[in-house]
Amino acid sequence: MKKKFSKVFMVSALAAGILAGCSGGNQASGGDGGNSKDFKLGVNMELSGNVASYGESMTKGVEMAVSEINKAGGVEGKQIKVVKVDNKSEAAEATNGIIKLTSQDKVNAVIGAATSGNTVAQAQIANDTKTVLMAPGGTSPTVTVDEKGKVREFVFRTSFIDPFQGTVAANFALNNLKVKDAAIFSDNSSDYAKGLSNAFKETFKKAGGKIVKEESYVAKDTDFRATLTNIKAKNPSFIFIPGYYEEVGLIVKQARELGITVPLMGADGWDSPKLVDLAGADALNNTYLINHYSTEDPDKKVQEFVTAFKAKNNGDAPNAFNALGYDTVYFLADAIKRAGSTDSVKIQKELAKTKDLSLVTGVLSLDKNHHPIKTATILEYKDGKQVFNTKINP
Amino acid sequence: MDWLQQLINGISLGSIYALIALGYTMVYGIIKLINFAHGDVFMVGAFIGFYAITGWGLSFLPALIISMAVCAVFGVLIERIAYKRLRNATRIAALITAIGMSLLIEYLMIYIRGAQPEAYPADVLPNKAINLFGAQINSQSLFILLTSIILMIILQFIVHRTKMGKAMRAVSLDMDAARLMGINVDRTISFTFAIGSALAGAAGVVYGAYYTKIEPLMGVIPGLKAFVAAVLGGIGSIPGAMVGGIILGSVESLVSAAGFSLWRDAAAFIILILILIFKPSGIFGKNTREKV
């Protein structure tokens, strides 16, 4: 009997503890942290899992910008302190991550995640707790606008959006490569790829181009030979492959093995050193990708960033994700400076007003949907190296 | 000549399924256990091959042999640690242990080296396009088909022409009777695990060389597909596993070729369901009644 009682007692104590934890979390939300001497910056990134290489790169960029800002005196007299969580490249983990950051760590703002899906998974919590959420690379329009078309007040992003990339790809194919018929091979399991392929299709058709074949795959597939054989049968003179490097690497390799020699093109999802390992340098010749910036861009701001990054990372050149992570911190710091306060609501108002802010990845202005209007860069793979091809302004 | 190309795509994929399915079917034949950790032995084999090639600079064949040897030992270890003490437990207990073992291996691998994928070097196998009646055939796929066929012939030889093979067949027929005849049952079961795991290891290296990308959870889907292949061919039957694997690979390829690439995985599992409903014993399976 006694034993039983103690068990009951323990369970109720545990339950009370959990409830207390919950209510505590709710009260703490809103988190302007006005009194603490640090500005706590949560980083909710893909540090393991499918797209770990994006998350790791962005975190590196974030950390570099933070240390620069801290050296220069911090924001509003406060040092920025980074609190990292790993969302394992999964949406559910991303939601858990931001709950932990807002309720336990009581951060002032959150940066993350690297992909759109994992950022959308955090948007609701960010809005509810009035915490500014900065997405360095969420290129889907849904990151800042919900399905009803309403703007998510507290969510901002540094990168351009998918439809913009799809449009750029279509224009590049039509005007620079001079092709008239194209095929699309798209990742059916990601909103990112769907957004890109829709925008590509629309722009390409409007300008008189013809889509000869549309095929799709699902993330984690490894064998694309059957579908590629189908595409090859239609003889397209250009193939648009929006998707992430893990599958794209295999697609490019298998396409070349099947004798598909036409130009292939993708977007920022291609950008990873792993792509060259997976596809092989030869197979990647005559492929193009859209990116946020290029290390070969002669712009002074870019070159300064590249030199500083190389000095810190044993001579490794920064990729676009490094640059976006870096820019995101400056984007936020700029708003804090204009707000003159670290209060999230004030920062939010200033972020929304950002105009002609000069960053490493181009000059950035926000429209009313928090979509950045900025420059896109086209890169070409030559013997496994990304080479600057051209720059396309909005 | 598209269909020819599609068929070759399918057969190369199918021969990998077949190699994995062989391990499933042999283990099932001897102790009536569906070894769900088998797909993960395949994954471990792929990684061992990868480290042998990139770390020690070995070529394909020595890497294949090392991977097979390590996987054989690994398979025996799994059997000794997890399954042996459950020899007389209910089948469901052994099955659940197998699922647990599978998860343990996957996440141990992630713990040790992280979840990021690894890419096999491109020059492991000669990569030339051969033109056959207008179909573009990759020399890699022929190489893989050849490797699989040679391994299957060796397996047939072991099972039908050696003493150990005879013991294996005897144990799978009736364990108690085999023991009475003086066969060391434990050793025979270990040997079966060793051979099945070695084949899975070989499949791992072949898969890595063919598809380039390997990662700690890569064994899950091929493992399930190989299970379907084994059931399709008749679980417990060695030729059944080979034929089942190749049929499954071809069906998947043809489904994609018909423009339903998103239905490919579904097609594989629909086959499983249909087989279980209409002919549970599979193509080569014997119609045995439950012994009373």
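Residues numbered from 1 in each chain as written. Chains lettered and ligands numbered in written order. Predicted model: local features only at pLDDT ≥ 70, side-chain atom pairs only at ≥ 80, totals over all residues.

Remarks on the pairing of strand β4 (residues 132-135) of chain A
Residues and elements named next belong to chain A.
Working step 1: Of the two faces of β4, the one lined by V132 and M134 and the one lined by L133 and A135 are each fully buried.
Working step 2: In this sheet, β4 lies alongside strand β3 (residues 109-111) in parallel orientation, the contact comprising three bridges. Bridging across to β4, A109 finds its partner in V132.
Working step 3: Of the crossover connections in this fold, the one passing from β3 over helix α4 (residues 116-128) to the parallel β4 is right-handed. (Buried ≥ 20, exposed ≤ 12 C-beta atoms within 10 Å, placed from the backbone. Helix = DSSP H or I, 4+ residues; strand = E, 2+ residues; numbered from the N terminus. Pairing = 2+ DSSP bridges. Right-handed = clockwise from strand over helix to strand, strands pointing away.)

Section: the sheet that holds strand β2 (residues 79-86) of chain A
Residue and element names in this part refer to chain A.
Working step 1: Sheet architecture is open: five strands sit in the order β2-β1-β3-β4-β5, paired in parallel fashion. Two strands close off the open sheet at either side, each with one partner strand: β2 and β5 (155-157). On average, adjacent strands in this sheet sit at an angle of 25° to one another, irrespective of strand direction.
Working step 2: Note: strand β1 (residues 38-45) against β2, eight bridges, orientation parallel. (Axes fitted to C-alpha atoms, helices over the stretch in contact; angles between N-to-C directions.)

Here we look at the confidence of the model for chain A
Residues and elements named next belong to chain A.
Working step 1: Of the residues in chain A, 90% have a pLDDT of 70 or more, and the chain-wide mean is 86.
Working step 2: Here helix α1 (residues 2-28) is the element of chain A with the lowest mean pLDDT, 46, and strand β8 (residues 239-240) is the one with the highest, 96.
Working step 3: Contacts of residues 13-34 to residues separated by more than four positions or lying in other chains number 25 contacts, the stretch itself having pLDDT below 50. (pLDDT = per-residue confidence, 0-100. Contact = placed C-beta atoms within 7 Å.)

Concerning the confidence of the model for chain B
Predicted coordinates in regions of low pLDDT should not be interpreted in detail.
Working step 1: Mean pLDDT over chain B: 89, with 97% of residues reaching 70 or higher.
Working step 2: On the interface metric, ipTM, the complex scores 0.77, and its pTM is 0.73.

Considering the environment of A:P163
All names here are of chain A.
Working step 1: With respect to the secondary-structure elements, P163 resides in helix α5 (residues 162-176).
Working step 2: Accessibility expressed as a C-beta count within 10 Å gives 19 for P163, which makes it partly exposed.
Working step 3: Considering only alpha carbons, one finds P163 and L47, 116 residues apart in sequence, at a separation of 27 Å.
Working step 4: Excluding anything up to four places from it in sequence, P163 contacts P141, G195 and A199.

Here's the deal with the interface of chain B and chain A
Working step 1: Between chain B and chain A, the residue contacts involve 23 residues of the former and 28 residues of the latter.
Working step 2: Looking at the side of chain B that touches chain A, the elements that each hand over two or more residues are α1 (2-31), β3 (135-138) and α10 (238-257) of chain B.
Working step 3: It is α1(B) that provides the largest number of residues to the side of chain B that touches chain A, a total of five residues.
Working step 4: Split into classes, the residues belonging to the side of chain B that touches chain A amount to nine nonpolar, twelve polar and two charged. (Nonpolar A, V, L, I, M, F, W, Y, C, P; charged D, E, K, R; others polar.)

Describing unusual backbone geometry
Residues and elements named next belong to chain A.
Working step 1: G112 connects to A113 through a cis peptide bond whose omega is -5°.
Working step 2: Here A113 lies in the loop between β3 and α4.
Working step 3: Of note in this structure, K106 is not a glycine but carries a positive phi near 50°.
Working step 4: Looking at the element boundaries, K106 is found in the loop between α3 (91-104) and β3.
Working step 5: Positive phi is not limited to glycine here, since D383 has a value of about 50°.
Working step 6: Assignment of secondary structure puts D383 in the loop between β14 (376-382) and β15 (385-392).

Quick word on the domain arrangement of chain A
Residue and element names in this part refer to chain A.
Working step 1: Domain annotation of chain A identifies domain 1 (38-160 + 299-375) and domain 2 (163-291).
Working step 2: Domain 1 and domain 2 are separated by 28 Å when their C-alpha centres are compared.
Working step 3: Taken residue by residue, the interface counts 13 residues in domain 1 and 14 residues in domain 2.
Working step 4: Residue composition of the side of domain 1 that touches domain 2, grouped by class: four nonpolar, nine polar and no charged. (Domains from an automatic or database assignment.)

Considering the pairing of strand β6 (residues 181-187) of chain A
Residue and element names in this part refer to chain A.
Working step 1: By the criterion of burial, β6 is predominantly enclosed, with six of the seven residues buried.
Working step 2: As paired strands, β6 and strand β7 (residues 210-217) are joined by seven bridges and run parallel to one another. Within the sheet, the bridge partner assigned to A183 lies in β7 and is K213.
Working step 3: In this fold, the crossover linking β6 to β7 by way of helix α6 (residues 191-206) has right-handed handedness.
Working step 4: Pairing geometry for β6 and β8, over two bridges, is parallel. Bridging from a neighbouring strand, I184 pairs with F240 of β8.

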